[in-house]
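This is what each chain is made of:
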Amino acid sequence: MNKITCICLGVKSMERAIVFYRDKLGFHTDCKDNDPQVCFFDTPGTKFELYPLDLLAKDINPDNPPEIGSGFGGVTLAYNVDSRQKVDEVIELVRAAGGTIVKEPQEVFWGGYHAYFADPDGYYWEVAWGPDFKYDDNGLLLL
């Protein structure tokens, strides 16, 4: 069991999330509707899904769904890039899309360069470049 095939984010507004990811950040999807029941994005490797937050909680346990709260849940998503310049470019794209930049691009202790942003639902993303990062032909990070 050594793989992650899909990451699902429970979102408060499907329309707002679709516009942010599909229309503003350029994630690829077959979803044409702005308010689908579920939306999958065709990302390389692990796939990415949006699902209404209240329905996701009920899907986990219909009789006793987990409490929906706010705040940092201890999980971040990462978008690794192949140059320092791309960190800056992605952060500017996110800024223009209406995302919240929570940490401006900067040097990091391990020798790389990174920044953090939050999407409209408060999910945190790290955008990072590292001098030793290597990628396969599909742009996927090699470890």
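Residues numbered from 1 in each chain as written. Predicted model: local features only at pLDDT ≥ 70, side-chain atom pairs only at ≥ 80, totals over all residues. Heavy atoms only, no water.

1. A look at the pairing of strand S3 (residues 47–52)
Cut-off, in case you're wondering: In this analysis, strands are considered paired if DSSP registers two or more bridges between them. Helix numbering and strand numbering both begin at the N terminus, where a helix is a DSSP run of H or I of at least 4 residues and a strand a DSSP run of E of at least 2.
Judged from the six bridges that link them, strand S1 (residues 6–11) and S3 form a sheet pairing that is parallel. What sits directly across from Cys-6, in S3, is Lys-47. Alignment of strand S2 (residues 39–41) against S3, held across three bridges, turns out to be antiparallel. Looking across to S3, one finds that Phe-40 is bridged to Glu-49.

2. Some remarks on the pattern of salt bridges
Keep this limit in mind: We count a salt bridge whenever a side-chain nitrogen from Lys or Arg sits within 4 Å of a carboxyl oxygen from Asp or Glu. Whether a residue is buried, partly exposed or exposed follows from its accessible area with a 1.4 Å probe, protein chains only, as a fraction of its type maximum: under 20%, in between, or over 50%, in that order.
Across all of its chains, the model carries seven salt bridges by this definition. When the shortest N-O distance is used, the salt bridge between Lys-47 and Asp-42 registers 3.1 Å. Looking at Lys-47, the relative accessible area reads 31%, which means it is partly exposed. By relative accessible area, which is 54% here, Asp-42 ends up exposed. A salt bridge links Arg-95 to Glu-104; the nearest nitrogen and oxygen atoms lie 2.9 Å apart. When its relative accessible area of 38% is taken as the criterion, Glu-104 is described as partly exposed. Each of Glu-92, Arg-95 and Glu-104 takes part in salt bridges that share partners, so that together they form one network.

3. Some remarks on the packing of aromatic side chains
Cut-off, in case you're wondering: By convention, a stacked pair of Phe, Tyr or Trp rings (six-membered ring in the case of Trp) has centres within 6.5 Å and planes under 30 degrees apart, an edge-to-face pair has planes over 60 apart, and any other such pair is tilted.
Following the criterion strictly, the structure yields twelve aromatic pairs and no others. When the ring of Phe-27 is compared with that of Phe-41, the centres are 5.9 Å apart and the planes differ by 80 degrees; the resulting orientation is edge-to-face. Placement of the pair is Phe-27 in the loop between helix H1 (14–24) and S2 and Phe-41 in strand S2, with a sequence separation of 14 residues. Phe-41 shares its class with Phe-27; the two are buried. Judged by centre distance (6.1 Å) and plane angle (75 degrees), the ring pair of Phe-27 and Trp-125 falls under edge-to-face. Highlighted residues: Phe-27 in the loop between H1 and S2 and Trp-125 in strand S7 (residues 124–129), separated in sequence by 98 residues. Exposure remark for Trp-125: the relative accessible area of 7% places this residue in the buried category. The structure contains a cluster of three or more aromatic residues connected by ring pairs, namely Phe-20, Tyr-21, Phe-27, Phe-41, Phe-48, Phe-117 and Trp-125.

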